[in-house]
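# Topology and contacts: notes
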Amino acid sequence: MTEKKSILHSNGVNYILPFILITSCFALWGFANDITNPMVKAFSKIFRMSVTDGTLVQVAFYGGYFAMAFPAAMFIRRFSYKAGVMMGLGLYAVGAFLFYPAMLTGAYYPFLIAYFILTCGLSFLETSCNPYILSMGSEDTATQRLNLAQSFNPVGSLLGMWVAMTFIQARLNPLESDARASLSDAEFEAVRDADLSILITPYLIIGAVVLLMLALIWMMKMPKNGDKSHDVHFLASIRRIFSLVRYREGVVAQFFYVGAQIMCWTFIIQYGTRIFMAEGMDEKAAEVLSQKFNIIAMIIFCCSRFVCTFLLRFINAGKLLATLATAAALLTIGVMAFQDRTGMYCLVAVSACMSLMFPTIYGIALNGLGDDAKFGAAGLIMAILGGSVLPPLQARIIDCGTIFGYPAVNLSFVLPLICFIVIVIYGSRRARN
């Protein structure tokens, strides 16, 4: 293989060790994302709230991404990618450690503040790490390189799901939602406090791990890749990047992709719980089994991303994106139509189609932006707001229970269907030019 085609070598520079270190951060934010999705259901039970109120977790989580993306880009442009990564890890750790004082209050909203601060750190990480990976080699292999790095994101996600299922969901008080609603105030507070003490432990542990990672990156010499202190010309950079149709449409596509991903991975718990309780399971067993299906979906997602990274060597990125989005849309119709495990199998299979989407949209949108990629990355990270805006809309549909005698949780997947149609359009347009 020639140097030009090598993914992690360029102009005589070997990027393997920096690539490994930065790719480890992909796993860390994957953990945070997917230990959080099941918490919508967990917080709803712990605090006796509706599904809609529980999705405030996602609002706070993805709101942090939105709020900090452009400040992160300005910080990175002023200093460096490495400084951005370190700032992100620091905020991640602070947010995780804030779960302890939140537990002491016994209230819901301090947890939302902790999530918000944690994800301000994730916003720094994603705004830094994604373009940093793109810069570690030839631009010809940038999208393939980012897909490879993003392949390790679901490894962290799998760990987050497993920890949520094994160390949180399985250990929470087995009282079902209806039984919790009938508890006296004193009984409710005792159950709530015991459950919260279980819930915070994984966050405190990951906070310590993140601090260790921060120390390791601080000590290591990282490549500059032309990365140096610049004056911040914010408006000029924004005008340049948003003048590009490919970039503007990429931001829109990313908004709908992240919304679809979070909806499919968050509400698989509600979707599966309805199916399995109809089969005769109690609520807790149905939730745990649903999470097992979610883990299977993530394993498929992880394997599919490695396969898709290989296929990108031979197939146009836009064409492959459009093909997989079409398949995802058809499977989502199956999720809506079936009321038994067949629908659950369709929902799990959607993850195979989603695996390519985030890094490919990202890579297509940032291609050729040069130093403006730092602000371009911020716009694409702000598009993660889709994970904050769309899940509450789906939750409102789910809270209806039934619509014209049909399970509302099934019909709610019309929102991911719309998202995948948007991505089909983007992929098809990018395949032509």
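Rules used in this analysis
Residues numbered from 1 in each chain as written. Predicted model: local features only at pLDDT ≥ 70, side-chain atom pairs only at ≥ 80, totals over all residues. Heavy atoms only, no water. Patch = residues over 30% accessible without salt bridge, like charges linked within 9 Å, V, L, I, M, F, W, Y side chains within 5 Å. Areas by Shrake-Rupley, 256 points an atom, 1.4 Å probe, with all protein chains shown as cover. Salt bridge = Lys/Arg side-chain N within 4 Å of Asp/Glu carboxyl O. Helix = DSSP H or I, 4+ residues; strand = E, 2+ residues; numbered from the N terminus. Contact = heavy atoms within 4.5 Å. 1 Å grid on protein atoms, 1.4 Å probe; cavity = no way out; pocket = protein on both sides within 12 Å on 5 of 7 lines; lining within 4 Å. Points joined across faces, edges and corners; volume = space filled by probe spheres on them. Nonpolar A, V, L, I, M, F, W, Y, C, P; charged D, E, K, R; others polar. Buried < 20%, exposed > 50% of the residue type's maximum accessible area, 1.4 Å probe, protein only. Core = buried A, V, L, I, M, F, W, Y, C linked by side-chain atoms within 4.5 Å. Phe/Tyr/Trp six-rings, centres within 6.5 Å; stacked < 30°, edge-to-face > 60°. pLDDT = per-residue confidence, 0-100.

### Quick word on a nonpolar patch on the surface
A grouping of Ile16, Leu17 and Ile20 is seen on the molecular surface, where their side chains present a nonpolar patch of about 260 Å² in accessible area. As for its position among the elements, leucine 17 is in helix α1 (residues 16–36).

### Topic: the environment of isoleucine 133
Inspection of the secondary structure assignment puts isoleucine 133 in helix α7 (residues 109–134). Considering only alpha carbons, one finds isoleucine 133 and phenylalanine 256, 123 residues apart in sequence, at a separation of 24 Å. Dropping the residues within four chain positions of it, isoleucine 133 is found in contact with Phe19, Ile22, Thr23, Phe26, Arg145, Leu146 and Ala149.

### Considerations on the layout of surface pockets
Here the second largest pocket is characterised by a volume of approximately 510 Å³. Around the second largest pocket, the lining comprises 24 residues; the ones closest to its centre are Lys41, Val51, Ser177, Gln270 and Glu283. Elements represented by at least two residues in the lining of the second largest pocket include exactly α2 (39–46), α10 (177–181), α14 (268–278) and α21 (408–411). Of the residues in the lining of the second largest pocket, the class split is eight nonpolar, seven polar and nine charged.

### As for the side chain of serine 44
On the secondary structure map, serine 44 appears in helix α2. Its relative accessible area of 9% is what places serine 44 among the buried residues. With near-sequence residues (within four places) excluded, serine 44 lies in contact with Met39, Met49, Ser50, Val51 and Gly54.

### Examining the nonpolar core
The biggest cluster of nonpolar side chains holds 143 residues, and the ones touching the most others in it are Phe43, Leu89, Tyr92 and Phe111. At eleven residues, the largest contribution of residues to this core is made by α7. Those residues in contact with phenylalanine 43 that lie beyond four places of it in its chain are Arg48, Met49, Val57, Tyr108, Phe111, Tyr115, Leu196 and Leu199.

### Describing the pattern of salt bridges
Evaluated as defined, the whole model comprises six salt bridges. The residue glutamate 287 makes a salt bridge to lysine 45 at a minimum N-O spacing of 3.6 Å. Of the two residues, glutamate 287 is situated in helix α15 (residues 283–311) and lysine 45 in helix α2; the sequence distance between them amounts to 242 residues. The exposure classification of glutamate 287 matches that of lysine 45, with both residues buried. Arginine 180 is the partner of aspartate 195 in a salt bridge, and the nearest nitrogen-oxygen pair spans 3.0 Å. With aspartate 195 in helix α11 (residues 185–219) and arginine 180 in helix α10, the pair connects residues that are 15 residues apart, well separated along the chain. Of the two residues, aspartate 195 and arginine 180, neither departs from the other in class, the shared state being buried. Counted as one network, the salt bridges with shared partners bring together Glu249, Arg429 and Arg430.

### Considerations on the packing of aromatic side chains
Counted under the stated rule, the structure contains 28 aromatic pairs. Relative to phenylalanine 358, the ring of tyrosine 257 lies with its centre 6.5 Å away and its plane at 55°, an arrangement referred to as tilted. Of the two residues, tyrosine 257 sits in helix α13 (residues 245–266) while phenylalanine 358 sits in helix α18 (residues 357–366), which places them 101 residues apart along the sequence. A single burial state applies to tyrosine 257 and to phenylalanine 358, both of which are buried. Note on tyrosine 271 and phenylalanine 413: the rings are 5.6 Å apart at their centroids and 80° apart in plane angle, and the pair reads as edge-to-face.

### Observations regarding the confidence of the model for the protein
Chain-level statistics for the protein give a pLDDT mean of 85 and a share of 94% at 70 or above. Looking across the protein, the model is least confident in strand β1 (residues 9–10), with a mean pLDDT of 61, and most confident in helix α6 (residues 99–105), with 95.

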